[in-house]
Amino acid sequence: MNHLELIRALPKAELHVHIEGTFEPELMFAIAQRNKVAIPYQSVEEVKQAYNFHNLQSFLDIYYAGANVLIDEQDFYDLAWAYFEKCAEDHVVHSEIFFDPQTHTDRGIAFATVINGLQKACEDAKTKLGITSHLIMCFLRHLSEEAAFETLEQALAYKDQIIAVGLDSSEIGHPPAKFERVFAKAREAGFLVVAHAGEEGPAEYVWEALDLLKVNRIDHGVRSEEDPELMQRLIAEKMPLTVCPLSNLKLCVVENMQQHNIRRLLQQGVHVTVNSDDPSYFGGYMNDNFIAITEALDLSQEELKQLAINSFEASFMSETEKTQWISKIHALA
Ligand code: ADE
Ligand code: ZN
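Quantities reported herein were computed from a predicted structural model and do not represent experimental measurements.

Peer 1: Please give an account of the pattern of salt bridges that cites residues and values.
Peer 2: A full pass over the atoms with the stated rule returns 15 salt bridges. In this structure, Asp 78 and Arg 34 form a salt bridge, with 2.9 Å as the shortest nitrogen-oxygen distance. With Asp 78 in helix H5 (residues 73–90) and Arg 34 in helix H2 (residues 25–34), the pair connects residues that are 44 residues apart, well separated along the chain. Taking relative accessible area as the criterion, Asp 78 reaches 17% and is therefore assigned buried. Using a relative accessible area of 41% as the deciding quantity, one classes Arg 34 as partly exposed. We note a salt bridge from Lys 120 to Glu 73, for which the minimum N-O separation is 2.6 Å. Highlighted residues: Lys 120 in helix H7 (residues 111–129) and Glu 73 in helix H5, separated in sequence by 47 residues. Assessed through its relative accessible area of 43%, Lys 120 is described here as partly exposed. Sharing partners across several salt bridges, the network here consists of Arg 34, Asp 75 and Asp 78.

This is the structure in C-alpha cells:
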C-alpha cells in the first residue's frame with residue numbers, strides 16, 4: 001500500500017470541524033434561493049474567489065455572512081448531511097462537530113431549529129452511513145460573557161444531544177479567562193469542555209484554557225511550541241491538540257505547509273490529531289489535510305497511522321469503541 005492508499009484506508013475520527021464551515025457554495029446558493037435570501041455573489045465561482053484570507057478575522061467575516069442563509073430545520077439538516085457524505089468518502093467514521101448557536105439565535109432563528117436539524121442528520125448518518133457523531137456547542141468569544149451564559153441556559157434543555165462546549169471566533173483580545181465562569185458552570189452541568197487556543201493567539205491562551213477552563217482538548221494549539229514549559233505540560237498530560245493544517249495555511253498561521261509544525265509536535269510526543277476546521281473555505285476535507293502534510297513533511301506510514309490512532313484516543317467515544325477502531329488500524333498492512 002502506498003501513502004495515498006493508506007490515507008484512504010485508515011479509519012479516522014474528526015474532532016475539529018465547524019458545521020457552518022462545511023457550507024459548500026453550491027448548497028449555499030440552493031438554500032439562499034429556496035429561502036429567498038439575497039447573497040452578495042452572482043455565481044459559485046464568485047463565491048470561491050472571495051475565499052482569499054489574510055488572517056482569521058478576514059475569514060470569519062465571510063463565514064458568518066454565509067451562515068445567514070440558514071433559516072429552517074431542513075437547512076441545518078442539509079448542511080450536516082452534506083458533510084457526512086464527505087466523511088463517508090474520506091473514511092471518517094466518527095465526527096465531533098462544532099456548531100455556533102449564537103450565529104443563528106442572534107438572527108432570530110430558534111435554538112431548537114438549529115439543534116433539531118443537526119441532530120436528525122446525526123441520526124441518519126448513523127443508520128444510513130454507519131458514522132457516529134457528537135455535537136459540541138461553541139460560544140462566540142467576541143461576544144460577551146453574559147451572552148455565553150444565556151446560550152448555556154438554552155443548551156441545558158438539550159443536554160443529552162450536546163457532549164461538550166467549546167470556544168471559537170476571534171481569538172486575539174478575547175482570552176479564555178473571559179469565559180472562566182461560564183465554563184465552570186458548563187462543567188458543573190456535566191458538559192465536557194474544549195477551546196480554541198494558540199491558533200493566532202499566544203501560548204499564554206493555551207495555559208489559560210488548561211488552567212482556567214480546564215479543557216479536555218485544545219483546538220489548534222500550534223503556537224504552544226513557542227513555550228517549552230507548556231510543551232512539557234502538554235506531553236506529560238497527553239493533552240490532545242486538534243490541529244488543522246489547511247486552515248493554518250489558508251489563514252496565514254504558517255507561510256507554507258513545509259513550515260507546519262505538526263510533524264515536530266508528533267515527534268516530540270504531543271498528542272496531535274488532523275482535522276479540517278472549515279473545509280469548504282480552506283480547500284479540503286480530512287483526506288486532503290492528510291495528503292497536504294504527507295507531501296510537505298514527508299510523513300512515514302507509521303506516523304500516518306499514529307495520527308489516526310490519536311484521533312480515536314482523543315475522541316469522546318467510549319473506551320470500547322476506541323479500542324475497536326484502533327485495532328482495525330493496527331490490522332492494516
Ligand atoms: N470558527 C470557525 N473556524 C474557526 C477557527 N479556525 N478559529 C476560530 N473560530 C472559528
Ligand atoms: Zn476551528
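Peer 1: Explain the layout of surface pockets to me, using residue names and the numbers behind them.
Peer 2: Volume-wise, the largest pocket comes out at about 180 Å³. Taken together, 13 residues make up the lining of the largest pocket; nearest its centre are Gln 119, Cys 122, Ser 133, His 134 and Leu 135. A class-by-class count of the residues in the lining of the largest pocket yields five nonpolar, five polar and three charged.

Peer 1: With reference to specific residues and values, describe the site of ligand 1.
Peer 2: Surrounding ligand 1, one finds His 18, Leu 56, Phe 59, Leu 60, Tyr 63, Asp 168, Ser 169, His 196, Glu 199, His 220, Asp 277 and Asp 278. For ligand 1, whose accessible area on its own is 260 Å², the fraction buried by protein is 100%. Grouping the amino acids of the shell around ligand 1 by side-chain chemistry returns four nonpolar, four polar and four charged.

Peer 1: Please set out the sheet that holds strand E8 (residues 271–274) residue by residue, giving values where relevant.
Peer 2: Picture the strands of a sheet paired through backbone hydrogen bonds; they go either parallel or antiparallel. Across the sheet, eight strands lie side by side as E1-E2-E3-E4-E5-E6-E7-E8; this open sheet has parallel pairing. In this open sheet, the two strands that pair with only one neighbour each are strand E1 (12–18) and E8. Across the sheet, the axes of successive neighbouring strands diverge by a mean angle of 25 degrees, strand direction being ignored. For E1 and strand E2 (residues 92–99), the ladder comprises five bridges, and the chain directions are parallel. Bridging across to E2, Glu 14 finds its partner in Ser 95. Each of E1, E2 and E8 touches helix H16 (residues 301–313); the most contacted strand, E8, lies at about 100 degrees to it.

Peer 1: I'd like a description of the side chain of His 260, backed by residues and values.
Peer 2: Along the chain, the position of His 260 falls in the loop between helix H12 (245–250) and helix H13 (262–267). At 3.0 Å, the side chain of His 260 forms a polar contact with the backbone nitrogen of Ile 262. Contacts of His 260, omitting those with residues within four sequence positions, involve Val 222, Val 243, Pro 245, Asn 248, Val 254 and Leu 297.

Peer 1: Before we move on, could you go through helix H4 (residues 56–67) and cite the residues and values that matter?
Peer 2: Helix length check: H4, at twelve residues, gives a terminal C-alpha distance of 16 Å against a target of 16 Å (1.5 Å per residue), a fit within 8%. Taking burial as the measure, the twelve residues of H4 include nine buried ones, the bulk of the element. Within H4, the full set of buried residues consists of Leu 56, Ser 58, Phe 59, Leu 60, Ile 62, Tyr 63, Tyr 64, Gly 66 and Ala 67. On the buried face of H4, the contacting elements are E1, H2, helix H3 (44–50), helix H6 (101–105), strand E3 (132–140) and helix H14 (279–282).

Peer 1: Hey, could you go over the coordination of the zinc ion (ligand 2) for me, with residue numbers and the actual values?
Peer 2: For a metal bound by four donors in a tetrahedral arrangement, the ideal donor-metal-donor angle is 109.5 degrees, while six donors in an octahedral arrangement ideally sit at 90 or 180 degrees. For the zinc ion (ligand 2), the full set of protein donor atoms is His 16 (NE2), His 18 (NE2), His 196 (NE2) and Asp 277 (OD), at a range of 2.0 to 2.2 Å. What the four donor atoms of the zinc ion (ligand 2) show is an angle range of 83 to 175 degrees at the metal, which sorts the shape as irregular.

Peer 1: Can you explain the environment of Lys 322? Please cite residues and give values.
Peer 2: Summarising the element assignment, Lys 322 is placed in helix H17 (residues 319–331). Exposure remark for Lys 322: the relative accessible area of 10% places this residue in the buried category. Once the C-alpha coordinates of Lys 322 and Asn 289 are considered, the two residues, 33 residues apart in sequence, prove to be 22 Å apart. What Lys 322 contacts, discounting residues up to four positions off in sequence, is Phe 312, Glu 313, Ser 315 and Met 317.

Peer 1: Explain the UniProt feature "binding site: substrate" (unreviewed entry) in the protein to me, using residue names and the numbers behind them.
Peer 2: Residues given the UniProt feature "binding site: substrate" (unreviewed entry) here are Asp 278. With respect to the helices, strands and loops of the structure, Asp 278 is situated in the loop between E8 and H14. With near-sequence residues (within four places) excluded, Asp 278 lies in contact with His 18, Gly 21, Phe 59 and Tyr 63.

Cut-off values and rules
Here the residue index of a chain counts from 1 through its sequence in written order. Note on labels: chains are lettered from A, ligands numbered from 1, in written order. Local features in a predicted model are, by the rule used here, given only for residues with pLDDT of at least 70; side-chain atom pairs are given and counted only at 80 or more, and totals for whole chains, interfaces and linings are based on all residues. Computation of side-chain values: all heavy atoms of the structure, hydrogens and water removed. Here, a salt bridge means any Lys or Arg side-chain nitrogen found within 4 Å of an Asp or Glu carboxyl oxygen. A helix here means a DSSP run of H or I that spans at least four residues, while a strand means a run of E at least two residues long, and both kinds are numbered starting from the N terminus. Working definition: with a 1.4 Å probe on protein chains only, accessible area under 20% of the residue-type maximum means buried, over 50% means exposed, and in between means partly exposed. The pocket and cavity definitions rest on a 1 Å grid over protein atoms only: a 1.4 Å probe that fits but cannot leave marks a cavity, an open set with protein on both sides within 12 Å along at least five of seven lines marks a pocket, and residues lining either have an atom within 4 Å of a point. Grid points are joined across faces, edges and corners, and a volume is the space filled by probe spheres set on the points. Side-chain classes follow a simple rule in which Ala, Val, Leu, Ile, Met, Phe, Trp, Tyr, Cys and Pro form the nonpolar group, Asp, Glu, Lys and Arg form the charged group, and the remainder, Gly included, forms the polar group. We call a residue near a molecule or strand when any one of its heavy atoms sits within 4 Å of it. Per-residue and other accessible areas follow the Shrake-Rupley method at a 1.4 Å probe size, with only the shown protein chains counted as cover for residues. For two strands to be treated as a pair, DSSP must find at least two bridges joining them. Comment: axis = line fitted to C-alpha atoms, over the contacting stretch for helices; angle = value between 0 and 180 degrees taken between N-to-C directions. Residues count as neighbours in contact if any of their non-hydrogen atoms are within 4.5 Å of one another. For the purposes of these results, a polar contact is taken to be a pair of N or O atoms within 3.5 Å, where, inside protein, one atom must be able to donate a hydrogen and its partner to accept one; residues adjacent in sequence count only when each atom of the pair is a side-chain atom. Multiplying one less than the number of residues by 1.5 Å gives the expected span of a helix. For Na, K and Ca the donor cut-off is 3.2 Å, while for other metals it is 2.8 Å, and in both cases only N, O and S atoms qualify; water is not among them, so sites may look incomplete. Four donors are marked tetrahedral only if all angles between them lie between 85 and 135 degrees, whereas four are marked square planar and six octahedral if opposite donors are more than 155 degrees apart and the other angles lie between 65 and 115; the remainder are marked irregular. UniProt positions are given in the numbering used here, feature names are shortened, and annotations may be inferred rather than shown by experiment.

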